[in-house]
Amino acid sequence: MSAAGHALALRGLSKRYGSFTAVADVSLEVGQGEFLTLLGPSGSGKTTILMCIAGFVEPSEGAILLDGRDITALPPERRDFGMVFQGYALFPHMTVAENVAFPLRVRKMGAAEREAKVRAALDLVQLAAFAERRPSQLSGGQQQRVALARALVFEPALLLLDEPLSALDKKLRAELQDELKALHRRIGRTFVNVTHDQEEALSLSDRVAILNHGRLIQQGAPAELYEAPRTRFVADFLGKSNFLAGTVQEAFAGGFAIGAGATRVVTAAAAPPALGSRALLSLRPEKMALLAEGETAENTVQGVIAGWSYLGAGYALNVETPDFGTLRVTLPTWNAPIAPREGLAVRLGWRAAASVPVLDDLDQDRAA
Amino acid sequence: MRRQDAGWWLLILPAFLLMTAFYVAPIAQVLAISFTEPAPGLGNYERLFTSESVQRVIVTTLRICILTTAISLLLGYVLSYRIALAGAAAQRWWILAVLVPLWISVLVRAFAWVTLLRRQGLVNETLIATGIITEPLALVWNEFGIVVGMVHYMVPYAVLPMLASMREIDPRLLAAARGLGASRITIFAKIFLPLSMPGLLAAGVLVFIFSLGFYITPALLGGGKTLMVAEWIGLQILDLLRWGLGTMMATMLVVAILATLAIFARIVDLRRIFGGGGA
Amino acid sequence: MMAHRPGWFARISAGVVALYLLLPISIIIPVSMTDQRFLSLPKQGLSLQHYVTVLFSPEWLGSIWQSFLIALAATGLAVVSGTLCAIGCWRLARRSTDLLRALMLLPIIIPSIVYAIGAYRYFAGLDLLDRFLGVALAHGVTGIPYVVITVSTALAAFDPRLEQAARGMGASLSQTLRWVILPRIMPGILSGGIFAFIHSWDELVIVLFIASRDVFTLPRRIWDGINENLDPAMAAVAVLLVVFTTGLLLLDLALRRRRAE
Ligand SMILES: Nc1ncnc2c1ncn2[C@@H]1O[C@H](COP(=O)(O)OP(=O)(O)OP(=O)(O)O)[C@@H](O)[C@H]1O
Ligand SMILES: [Mg+2]
């Protein structure tokens, strides 16, 4: 399996059902051999976008380009994409081998060649021993791998996956995530994956596109999205985040400061907003530290522990502050400077770059 | 996608063409003839108001249909009630007992009734042999025979929709009412009957519209003396060659059936009547 | 909690209704085996002479064979067109196809007599009266609703994503039909076929109008028999017919049970 993947581009894709807009003006590029994940809450339009790419749903507007060629009007059976459906959609009246052979059979491939390819595909997903079983006799994880083998056997240059792991339990999901990632490396094809599981998106993808209410909110490498969320929704949906609201008090080269009550917080930003305007900062719980007596940081805040819990690898503290309400802080257990206790007064500190200015899109959300 | 849908539309095409060319067209022609023969206009429909024989046929048909529907509903309801409350294994046998008559040729059934009910038939012979009567009773080739045969044909049709709606009744509801001390009659009147009403209505519509156009049973068991609409139409066309009159009555028959359906479509889910076709 | 069971009144009256349904049909069995020359219960002993009469009569055999061939052709017509139509309507699923499906149900709503006189006139123009083809066509189109209903029911349980999966893997429409859809709904198609067959096999009203001498089906011969000479041979034919229909129904039941498993 060597052919390189295709490059895919969506241009201003929209899909309306009556007056309801399921997908609104989405533009995306997926590079050759890239692993892109569409991430979003339920009903955000992920499946609809994937179905447009596969050709099962006709876009209301916009174009789909494959290596620069417009394929918007091409019927699904002529697109040659592999697809793993939400729920797998294995043919219940065929054996595993027959299921996997199906795409080859429709391509009228000779029996000998077909058998060899089916065997190779089943080997790839480690299911050679199950070739003669029916899908109903397999576990969820095995069915998922049959679906994968069936999608890969005809060597499609583009593989579409709709929540391939969502029906599995947590442990199996982690295992298959690794397998999927290894598979992607090995065969070097373009994958477009859909999920509403943010961990899966972060660990698998080269690039993640975040959707909400049918709109593309932000796209980029997982680390980029996590470290520099552009909006409140992204910061909240990918991992956990605290939000600090205040008024812009001062601007300087490479950053600005906001004030809320008696507290001042500095942040790094390329283009500071106007003085006196409202601003919102996102601050990850793991990016704060408990400061010892006399220790300083770019930003510091006083607070009292209102509650805490032990999570094994770390502690989670709820720290009550006068100006920002309750802040969630996580500390690694192994080098926590204190033993947490309710009522304990603490001082939190973090670097300017850790508090990231974000657009407050929650109001828009409520309106939408 | 419109273009991709073309293939699926193509699948519908053979049935559509066959249906249009060999079913709808002949029937449309019937409707047309009723306005054109023997002379163009509404002449045939005037007979509805002027001809006594036309009116007699309509009245007879309605009388027999209403009687048939009422009796079929009663008997069918009793049967459905029994089936719905039977255990799973017993239900299968009961349903078979309903389905077999449903699919047995209407001719065979009419023949069986003639065998039983005619003057030298088994019923009369038995009654005479046991001395209950001395003269054979006129049980067939009259309205009584028609109703007996039609009800026999219609009961299974009445059972199916009623049974379907009774099966939707949660059995725990009945058991719970029992546990609260309700009597059998109270449970039936207050819970079972109201909940099975949709099925009862659907069965009523079904039996009534099937009865309206019934041909074979009335023809065989009515002995030519009691004419229902279908047989009367046949007579006009085959023996009297009065196409205009026959097609007028056929049109009225179709109108009556569609009107009944249209009226009850508001109250009854038509899917109950015609099975999973709309599912 | 104990299940609610019917009381004695319901039990007895239901039993009576069941007898009313089944007894008349069963009574023809002893009548068909009577040793008398007229319609009656057997007096001295059972006799199969009337079955012999039927099974060695070229008229009866000819009608049975003709009915069988017509039913076969009509079933073929109804099954092929009805199945494809049900699949198309299922997949397109919009208002217009709902209307189409309602159109396909017309033959069980509109009385046969109306169609029969229409076909009598219409088929005369096409020179289809008293012809095998004419009767097969008429029985075929009127058998379509049975197929449409059973196949639609089977399709309601079919996962539409299987069809998408097949198309997505490059299968053409005909490949998807042959390899994915039809195998899954085969029991429904067979059921529809059985009902369409019984429909044609028993159909009389249309035949009375569009056939006369050359096409003389079994129901037509029975009809003449009942109207002209009520003899025990008629009972023998009736029993044969009942056995045949019941056999087909049991076959359908067995198919349904297999589908349920
Ligand atoms: N055929 C349709 N007709 C009308 N609305 C639809 C249709 N298909 C999808 N929608 C709507 O479009 C929106 C997006 O649906 P979509 O299936 O793409 O969501 P999703 O992101 O895949 O959600 P999930 O995570 O639950 O699978 C939903 O609000 C849905 O109700
Ligand atoms: Mg989805």
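- Per an unreviewed UniProt entry, chain B goes by the name ABC transporter permease and belongs to Falsiroseomonas selenitidurans.
- If you open the UniProt record of chain B and go to Subcellular location (unreviewed entry), you find "Cell membrane".
- Its UniProt record gives chain B the following Sequence similarities (unreviewed entry) comment, quoted word for word: "Belongs to the binding-protein-dependent transport system permease family. CysTW subfamily."

- In the nomenclature of an unreviewed UniProt entry, chain A corresponds to Spermidine/putrescine import ATP-binding protein PotA from the organism Falsiroseomonas selenitidurans.
- Heading Subunit (unreviewed entry) of the UniProt record for chain A holds this comment: "The complex is composed of two ATP-binding proteins (PotA), two transmembrane proteins (PotB and PotC) and a solute-binding protein (PotD)."
- The UniProt entry for chain A carries this comment under Function (unreviewed entry): "Part of the ABC transporter complex PotABCD involved in spermidine/putrescine import. Responsible for energy coupling to the transport system."

**Some details on the interface of chain C and chain B**
Step number 1: Between chain C and chain B, the contact holds 96 residues from the first and 87 residues from the second.
Step number 2: In total, chain C and chain B occlude about 8,400 Å² of area from one another, counting both sides; carbon and sulfur atoms represent 81% of this.
Step number 3: It is His 4, Tyr 20 and Arg 121 of chain C in chain C that bury the most area against chain B; as a group they hold 10% of the surface buried on that side.
Step number 4: Residues Asp 5 of chain B and Arg 94 of chain C are paired through a salt bridge, measuring 3.2 Å at the closest nitrogen-oxygen approach.
Step number 5: Applying the counting rule to chain C against chain B returns 8 residue pairs in polar contact (both at pLDDT 80 or more).
Step number 6: Tallying contributions element by element places helix α1 (residues 8-32) of chain C first for the side of chain C that touches chain B, with 15 residues.

**Details of the UniProt feature "domain: ABC transporter" (unreviewed entry) in chain A**
Step number 1: Under the feature "domain: ABC transporter" (unreviewed entry), the UniProt entry names residues 8-238 of chain A.
Step number 2: Taken end to end, residues 8-238 of chain A has its terminal C-alpha atoms 25 Å apart, with 36% of it in helix and 26% in strand.

**Some words on the domain arrangement of chain B**
Residues and elements named next belong to chain B.
Step number 1: Under the domain assignment used here, chain B contains domain 1 (1-36) and domain 2 (51-274).
Step number 2: Each of domain 1 and domain 2 has a C-alpha centre, and the two are 32 Å apart.
Step number 3: Carbon and sulfur atoms make up 81% of the area that domain 1 and domain 2 hide from each other, which totals about 420 Å².
Step number 4: It is Val 30, Ile 33 and Ser 34 in domain 1 that bury the most area against domain 2; as a group they hold 75% of the surface buried on that side.
Step number 5: Our count for the contact surface shared by domain 1 and domain 2 stands at 0 salt bridges.
Step number 6: Connecting domain 1 to domain 2 are 1 residue pair in polar contact (both at pLDDT 80 or more).
Step number 7: Each residue belonging to the side of domain 1 that touches domain 2 can be placed in one class, and the counts come to 3 nonpolar, 1 polar and no charged.

**With respect to the environment of Val 346 of chain A**
Residue and element names in this part refer to chain A.
Step number 1: Tracing the sequence through the fold places Val 346 in strand β19 (residues 345-350).
Step number 2: Overall, Val 346 belongs to the buried group, its relative accessible area being 7%.
Step number 3: If we ignore the near neighbours within four places in the chain, the residues touching Val 346 are Leu 290, Val 301, Gln 302, Gly 303, Ile 305, Val 319 and Ile 338.

**Quick look at the site of ligand 1**
All names here are of chain A.
Step number 1: Around ligand 1, 14 residues are found, and the nearest of them are Ser 42, Gly 43, Lys 46, Thr 47 and Thr 48.
Step number 2: Between ligand 1 and Ser 42, the relevant distance is 2.5 Å, taken from an oxygen atom to a side-chain nitrogen or oxygen of the residue.
Step number 3: Interatomic distance of 3.2 Å between a backbone N/O atom of Ser 44 and an oxygen atom of ligand 1.
Step number 4: Burial of ligand 1 by the surrounding chains reaches 62%, relative to a free accessible area of 640 Å².
Step number 5: Elements with a contribution of two residues or more to the shell around ligand 1: β2 (20-30) and α1 (46-54).
Step number 6: For the shell around ligand 1, the element with the highest residue contribution is α1, accounting for 3 residues.

**Thoughts on a nonpolar patch on the surface**
Residues and elements named next belong to chain C.
Step number 1: On the surface, Val 52, Leu 55, Phe 56, Leu 61 and Leu 240 cluster together into a nonpolar patch covering about 460 Å² of accessible area.
Step number 2: Here Val 52 lies in helix α2 (residues 49-55).
Step number 3: For Val 52, a relative accessible area of 43% corresponds to the partly exposed category.

**Some words on the packing of helix α5 (residues 106-117) of chain B against α1 of chain C**
Step number 1: At a closest axis distance of 9 Å, the pairing of α5 of chain B and α1 of chain C adopts a crossing angle of 75°. Taken together, α5 of chain B and α1 of chain C sit at an angle that is classed as roughly perpendicular. Residue-level inspection shows Val 108, Arg 109, Phe 111, Ala 112, Trp 113, Thr 115 and Leu 116 of chain B of α5 of chain B in contact with α1 of chain C, the latter providing Tyr 20, Pro 24, Ile 25, Ile 27, Ile 28 and Val 31 of chain C.

Calculation rules
- Residues numbered from 1 in each chain as written.
- Chains lettered and ligands numbered in written order.
- Predicted model: local features only at pLDDT ≥ 70, side-chain atom pairs only at ≥ 80, totals over all residues.
- Heavy atoms only, no water.
- UniProt positions renumbered as here; feature names shortened; annotations may be inferred.
- Contact = heavy atoms within 4.5 Å.
- Buried area = accessible area lost by both parts, 1.4 Å probe.
- Salt bridge = Lys/Arg side-chain N within 4 Å of Asp/Glu carboxyl O.
- Polar contact = N/O pair within 3.5 Å; in protein donor to acceptor, adjacent residues only side chain to side chain.
- Helix = DSSP H or I, 4+ residues; strand = E, 2+ residues; numbered from the N terminus.
- Domains from an automatic or database assignment.
- Nonpolar A, V, L, I, M, F, W, Y, C, P; charged D, E, K, R; others polar.
- Buried < 20%, exposed > 50% of the residue type's maximum accessible area, 1.4 Å probe, protein only.
- Near = heavy atom within 4 Å.
- Areas by Shrake-Rupley, 256 points an atom, 1.4 Å probe, with all protein chains shown as cover.
- Patch = residues over 30% accessible without salt bridge, like charges linked within 9 Å, V, L, I, M, F, W, Y side chains within 5 Å.
- Axes fitted to C-alpha atoms, helices over the stretch in contact; angles between N-to-C directions.
- Parallel < 35°, antiparallel > 145°, perpendicular 65-115°, else oblique.

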